[in-house]
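# Structure at a glance
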Amino acid sequence: MKKHERNSVNIFPTLSSPALDDWYAGLPHRVHYMGVVNVTPDSFSDGGRFLSPDRAYDHAMRLVEEGADLLDIGGESTRPGADAVSADEEMSRTVPLIERLHRATPLPLSIDTYKSEVAEAALRAGASVINDISGTSFDPQMLSVAASHRAVLVLMHIQGTPKTMQ
């Protein structure tokens, strides 16, 4: 059996989705690893090393080889003091990468965004998880986008905005 081919038992039956069934299998039984791919010029974790589409893709595939269970793709830095970027800029950074990764790996793909427009485009491109640092407080449409796609929604917490949080 290959690393990412597992017997599937969906422990969240109301969230049944073929793309996520393998990911759900065994969640309570082991730690799962999220590989982070920040496609930004000012990432807090990598300093912008993966802004180029090919470098971002190579990094993501390296994370897959190293055992990541899902990949989280972000196109806007949320480090303290970061400036916001437009939805169009964020989509131009993330959507082509998500499309490419969706064809290359069976792993679930997550979009790290607080903008429903970006989430919608990412879900259409092959993502199945939304990772929202604002807990949907920055964009109330996020809940309906997640629901309409039956996407998993990860709700985070933030005080202020990335520009003002610290």
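Description of the structure in this document. (Residues numbered from 1 in each chain as written. Predicted model: local features only at pLDDT ≥ 70, side-chain atom pairs only at ≥ 80, totals over all residues. Heavy atoms only, no water.)

Throughout the structure, instances matching the rule amount to five salt bridges. Residue Arg100 pairs with Asp54 through a salt bridge whose shortest N-O separation is 3.0 Å. Taken together, the residues span a long stretch of sequence, with Arg100 in helix α3 (residues 87-104) and Asp54 in helix α2 (residues 53-65) at a distance of 46 residues. Of the residues examined, Arg100 reaches a relative accessible area of 30% and is grouped as partly exposed. Classification of Asp54 by relative accessible area gives partly exposed; the value is 47%. As a salt-bridge pair, Arg124 and Glu120 come within 2.8 Å of each other at their nearest N and O atoms. Highlighted residues: Arg124 and Glu120, both in helix α4 (residues 116-125), separated by four residues, approximately one helical turn. In the salt-bridge network here, residues are joined through shared partners; they are Glu76, Glu90 and Lys115. (Salt bridge = Lys/Arg side-chain N within 4 Å of Asp/Glu carboxyl O. Helix = DSSP H or I, 4+ residues; strand = E, 2+ residues; numbered from the N terminus. Buried < 20%, exposed > 50% of the residue type's maximum accessible area, 1.4 Å probe, protein only.)

Further remarks concern α2. In a regular helix each residue adds 1.5 Å, so 13 residues correspond to 18 Å; α2 covers 18 Å between its end C-alpha atoms and thus fits that length. All of the buried residues in α2 are Ala56, Tyr57, His59, Ala60, Met61, Leu63 and Val64. Looking at the buried positions of α2, the neighbouring elements they touch are β1 (34-38), β2 (70-74) and α3. Looking one or two residues past α2, Gly67 carries a phi angle of roughly 110 degrees, positive in sign. (Expected span 1.5 Å × (residues − 1). Contact = heavy atoms within 4.5 Å.)

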